[in-house]
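# Breakdown of the fold
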Amino acid sequence: MIVADRKPLEEILEMIKDANKILLVGCKGCVTVCNVGGTKEVGILASSLKIARKKEGRPLEVDEKTLERQCDPEYVEQIRKSVDQYDAVISMACGVGPQFLSEAYPQQRFLPAVNTTFFGGAVQHGVWSERCAGCGTCVIHFFDGMCPIARCSKSLLHGPCGGSSGGKCEISKEVDCVWDMIVRKKMEQGRLADLATLKPAKDWRTARDGGPRKSVREELVQ
Amino acid sequence: MNDLKSGSNLEKVLKAGHFAFTGECGPPKGANVVHLKEKIAHLKGVVDAVNVTDNQTAVVRMSSWAASTIMLHEGVEPNFQMVCRDRNRLAMMSDILGVYAMGVRNMLCLSGDHQRFGNHPEAKNVYDIDSIQLIALVKKMRDEGKFLNDEVIDVPPRIFIGAAANPFAEPFEFRVHRLALKIAAGADFIQTQCIYNMDRFRAFMKRVVDLGLHEKCYILAGVTPMKSVGMAQYMAKQVPGMDVPDSVIARLKGAGKGKAAEEGIKFAIEQIHEFKEMEGVAGVHFMAIEWEHRVAEIAKQAGVLPRPKVD
Amino acid sequence: MSYPANVKIIQVPCSGRVDILHLLKAIEDGADGVYVAGCLEGECHYLTGNLKAKKRVRYVKRVLGEIGIEPERVEMFNLSSGQGPRFAEIAREMVERIQKLGPSPVRVKKAA
C-alpha cells in the first residue's frame, strides 16, 4: 500500500500557527495499515498538538474524524456539513487525501500531516519497505518476481553494478541489493540464461516521467 | 576486427598486438585548466590514452567532455568517460556527437556511483538507461548510424567503445557473465577494477579465456599502486567490490616505516610484468590518481616504455 | 508502606494495556508527570506487555521532546508485585524528579 511518515510536530505546528480551531481527518485506508494516519494516530496527533499549544498559552480546539478513505468523493462528502467551521483542516491521509479534500471544499485550507513516500508492504511488524515505483510497465516476470526499477538504487536492468557487496546496495547496508537476489535466484533455478539477453531501454512514458497519469475503466464510466 | 572502428591510437595499439598501457586523470574541482594541463603533461608519451573521469564518486568536477577536449589540445588521447547517473538518453546521445565532433575517439560507458556518496546527495537521480544499454546505444550510433529511435544520424560518431569490469564484485560467479553481456552489447575494450588478489584474478581470466571473450574484446587489467598501509586497509574494508588480500597488507607493513609506498610500487611493477605474460590480458590500465608525476618512472621500471607508435 | 500523596494510581491488568494516548492525555490534562510501573522484564504475566509499554513510553518521550517538554516527565519502571518497598521508593524518586522539574509547562500560562 501507500506508505507515509508523520511530519515533525514542529512543521505541523508552524502550518497551524494562525488557527485556533481545527479538524484532524484520518483515513482508514493505507495510512491506517502503516499506523500513521488512522483513528488512533489522529487521537495521538490531536493530543500532541493540544499539549504543545497549551504550553504556548494559546489553546487549540481539535475535532477528530476518520473517513473510510479520502480518495473517493462519496467519503469526502461526509464532512460537508462541518468543514466550514474550522480555521484549517489537517489531513493524515496520503498526498491524495488533502488534494481531494481541497478540490471538494475550495474555500477551506487543507494541510498535510504526513510525508507520503512509497508503495510497499510490511516486512515485519512496524517496518515497511519499498517494492514498487509505479513505472506503469511492470516487468517483474522477467526478474523472478522482483522489481529492479523500484528496488535497485540505479534502476538497472542489467545488474548488479560493481558496488554490490555482501548482498547489500552500495548506498547503505540497510538496503538489499535486489540484483544480487535476482542473480542468485536465477542461478539456483537454472535460469541464468534469462539474464544473458539485452533488455531494451525502458520506456518511461508510462511512469511519472511521461507526465501526470490517469486510469479509465470504460465499462464503468457513466 | 578488420577495419578500424574509430582510428584512435588506443585501438591501433591494441589491434597491432602491442601490450596497451592506459592512464587516468581526474578533472579539477573547478575551471583550473593550469593544474589539469600539468597533470596531462606528466602522462604525455607515457601512456596510449588517458581516462577522463565523469563526476567521479558523484563529486562535481569539470565535465569529462571539456577535460577530454583540453587533453586533445595538449596532444594526449583521452578515454572519455560517461556515467548513467547524471544524463538521460537525449543528453547522452547529444554529448557523444559533441565529443566526437571535437575529436574524441574512445569512450567508456559506466553506471556511476550513486549520488548519495557525493557532495550533492540531494540531486535528482537520472539512470534513464544502464551502462550496458549505453554500450549498445553507442554501438548502434556507430555501426547503424542511427539514434536510439532509429532516426538517421547526420555523420555518425565512430567511437571505440569501452566498459568497466569488476572481477571481484558479488556474486562472484556472475561477473564473467556480466562481462560477456557487455561484450555482446558492443564493448570493444574493457578495463577492470584495480587488482590486488592475483590468484582470484588468474581464476577469473581463465574463465574469460575458456569462453573466448578475450578474442572478442581487449581486456586491460587495472593496477593502482598502494601508497600506504592505511590506504590498503581502507580499500580492504570500506570500498565495496574491492578485494585486498591480507598478504598484500602484510607485505606493505613488512616494508618498514615510510617504505610502504615504494613497496606498493614494487608490487604494481611485478603485477604489470605478470599481466604482460597472462593469457587474455591485452594491456594494463594504470590508475595513479593525484600521483601522475610518478607514472613515468613506474612505467619505465615496468618495461612499458617507450609507447609504440602505430600509423 | 507509604508513598507520597502526589501520586495518583490507575490500576490496569497489565502495563501493556497502557496506550500512548493515555500517557499523552495525562500530560494534556495537566499532570506534571506520568509513569508506568510494570513487571520486571522477562516476568510479564502476559509475556510481552511490559515490553510494549516500554516502547510506548519511549515514543511519548520523543513526542514531548519534539514539543519542548522535558521527556523525563514520563517514565517506565519495572518491579515485581512483591516489591512493596521498591514501589514506594519509585514513587518518591519520581515525585522528587518532578518537583525538581517544576510544574508542567502545560499548566504554567505564558505571559500574554
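This is a predicted model, so every value here is computed, not measured. (Residues numbered from 1 in each chain as written. Chains lettered and ligands numbered in written order. Predicted model: local features only at pLDDT ≥ 70, side-chain atom pairs only at ≥ 80, totals over all residues.)

### Remarks on the overall build of chain B
Looking only at helices and strands, chain B has 12 helices and eight strands in total. Judged by the C-alpha coordinates and their principal axes, chain B covers about 60 × 45 × 40 Å. Counting the 311 residues in chain B, one finds 51% classified as buried. Taking the contacts inside chain B whose residues are at least 6 apart along the sequence as the reference set, 77% of them involve residues at least 24 apart. (Helix = DSSP H or I, 4+ residues; strand = E, 2+ residues; numbered from the N terminus. Buried ≥ 20, exposed ≤ 12 C-beta atoms within 10 Å, placed from the backbone. Contact = placed C-beta atoms within 7 Å.)

### Let's talk about the overall build of chain A
The helix and strand tally for chain A stands at seven helices and nine strands. By the compact-globule yardstick of 17 Å for 222 residues, chain A is too spread out, its C-alpha radius of gyration being 22 Å. If one aligns the C-alpha atoms of chain A with their principal axes, the spans along those axes are about 65 × 50 × 25 Å. Scored against the burial criterion, the 222 residues of chain A give a buried share of 38%. Considering only contacts in chain A between residues 6 or more positions apart, those separated by 24 or more positions represent 54%. (Rg over C-alpha atoms; globule rule 2.2 N^0.38 Å.)

### Here's the deal with the environment of Pro 167 of chain B
Residues and elements named next belong to chain B. With respect to the helices and strands, the residue Pro 167 is situated in the loop between strand E5 (160-165) and helix H6 (175-185). Separated by 26 residues in sequence, Pro 167 and Gln 193 place their C-alpha atoms 7.4 Å apart. With near-sequence residues (within four places) excluded, Pro 167 lies in contact with Arg 175, Thr 192, Arg 200, Phe 201 and Phe 204.

### Quick look at the domain arrangement of chain A
Once the domains are mapped, chain A shows domain 1 (2-117) and domain 2 (133-207). Each of domain 1 of chain A and domain 2 of chain A was reduced to a C-alpha centroid, and the two centroids are 38 Å apart. (Domains from an automatic or database assignment.)

### Observations regarding the nonpolar core
Residue and element names in this part refer to chain B. Membership of the largest hydrophobic core comes to 93 residues, with the highest contact counts inside it found for Cys 109, Ile 135 and Val 138. With seven residues, the top contributor of residues to this core is helix H5 (residues 131-144). If sequence neighbours within four positions are ignored, Cys 109 has contacts with Met 82, Ser 131, Leu 134, Ile 135, Val 138, Ile 161 and Ala 163. (Core = buried A, V, L, I, M, F, W, Y, C linked by C-beta atoms within 7 Å.)

### Brief notes about the sheet that holds strand E7 (residues 127-132) of chain A
The strands making up a sheet associate through hydrogen bonds between their backbones, and the pairing can be parallel or antiparallel. All names here are of chain A. Judged by pairing direction, the sheet is antiparallel, and its three strands sit side by side in the order E1-E6-E7 without closing on themselves. Only two strands of the sheet have a single partner each, and these edge strands are strand E1 (2-6) and E7. Adjacent strand axes in the sheet meet at a mean angle of 70°, parallel and antiparallel pairs treated alike. Inspection of the sheet shows strand E6 (residues 114-124) paired to E7 by five bridges, in the antiparallel sense. Considered in E7, the bridge of Phe 119 is made with Cys 132. (Pairing = 2+ DSSP bridges. Axes fitted to C-alpha atoms, helices over the stretch in contact; angles between N-to-C directions.)

### Looking at the interface of chain A and chain C
Of the residues lining the interface, 14 residues belong to chain A; the matching set on chain C comes to 15 residues. Listed by contribution, the elements that provide at least two residues to the side of chain A that touches chain C are helix H1 (9-15) and helix H3 (39-56) of chain A. Ranked by residues supplied to the side of chain A that touches chain C, first place goes to H3 of chain A with 10 residues.

### Details of the interface of chain A and chain B
With 24 residues of chain A at the interface, the matching set in chain B holds 27 residues. When the residues that make up the side of chain A that touches chain B are grouped by side-chain class, the tally is 13 nonpolar, seven polar and four charged. (Nonpolar A, V, L, I, M, F, W, Y, C, P; charged D, E, K, R; others polar.)

### Quick notes on the pairing of strand E2 (residues 74-78) of chain C
Looking down a regular strand, the side chains alternate between one sheet face and the other. Residues and elements named next belong to chain C. Strand direction decides the pairing type here: strand E1 (residues 34-38) and E2, joined by five bridges, are parallel. By the bridge assignment for E2, Tyr 35 is matched with Glu 75. As a crossover connection, the stretch from E1 through helix H2 (residues 49-67) into E2 is right-handed. (Right-handed = clockwise from strand over helix to strand, strands pointing away.)

### A word on the sheet that holds E5 of chain B
Residues and elements named next belong to chain B. Taking strand neighbours around the barrel as the criterion, the eight strands line up as E1-E2-E3-E4-E5-E6-E7-E8 in a closed arrangement whose pairing is parallel. Neighbour-to-neighbour, the strand axes of this sheet turn through a mean angle of 30°, independent of strand direction. Pairing of strand E1 (residues 20-25) with strand E2 (residues 49-52) involves four bridges; the strand directions are parallel. Each residue of the ladder has a partner; that of Glu 24, found in E2, is Asn 51. Its contacts with the sheet place helix H3 (residues 64-73) against E2 and strand E3 (78-83), and it is angled at close to 175° to E3.

### Some words on unusual backbone geometry
In this structure, the amide linkage connecting Gly 159 of chain A to the following residue, Pro 160 of chain A, adopts the cis form with an omega of -5°. As for its placement among the helices and strands, Pro 160 of chain A is situated in the loop between helix H6 (148-151) and strand E8 (168-169). With an omega dihedral of 0°, the bond running from Leu 305 of chain B to Pro 306 of chain B counts as a cis peptide bond. In this structure, Pro 306 of chain B sits in the segment after helix H12 (292-301). Even without being a glycine, Ser 155 of chain A presents a positive backbone phi close to 50°. Counting through the fold element by element, Ser 155 of chain A comes out in the loop between H6 and E8.

### With respect to the arrangement of the chains
Considering every one of the two pairs of chains in contact, the largest contact total is recorded for chains A and B. Separating chain B from chain C is a minimum C-alpha gap of 25 Å, and the two share no contact.

### Some details on the pairing of E1 of chain B
Residue and element names in this part refer to chain B. In terms of burial, E1 is a largely internal element, six of the six residues being buried. Because side chains alternate across E1, one face comprises the buried residues Ala 20, Thr 22 and Glu 24, and the other comprises Phe 21, Gly 23 and Cys 25, equally buried. Note: E1 against strand E8 (residues 281-286), three bridges, orientation parallel. Among the inter-strand pairings, Ala 20 is bridged to a residue of E8, identified as Gly 283.

### Describing the packing of helix H1 (residues 20-28) of chain C against H2 of chain C
Residues and elements named next belong to chain C. Where H1 meets H2, the closest approach of the two axes is 9 Å, and the angle between their N-to-C directions is 40°. With respect to each other, H1 and H2 are oriented oblique. Between H1 and H2 the crossing geometry is right-handed. Residue-level inspection shows Ile 20, Leu 23 and Leu 24 of H1 in contact with H2, the latter providing Arg 56, Val 57, Tyr 59 and Val 60. Of the residues belonging to the contact of H1 with H2, the class tally is six nonpolar, no polar and one charged. (Parallel < 35°, antiparallel > 145°, perpendicular 65-115°, else oblique. Left-handed = near helix turned anticlockwise from the far one by under 90°.)

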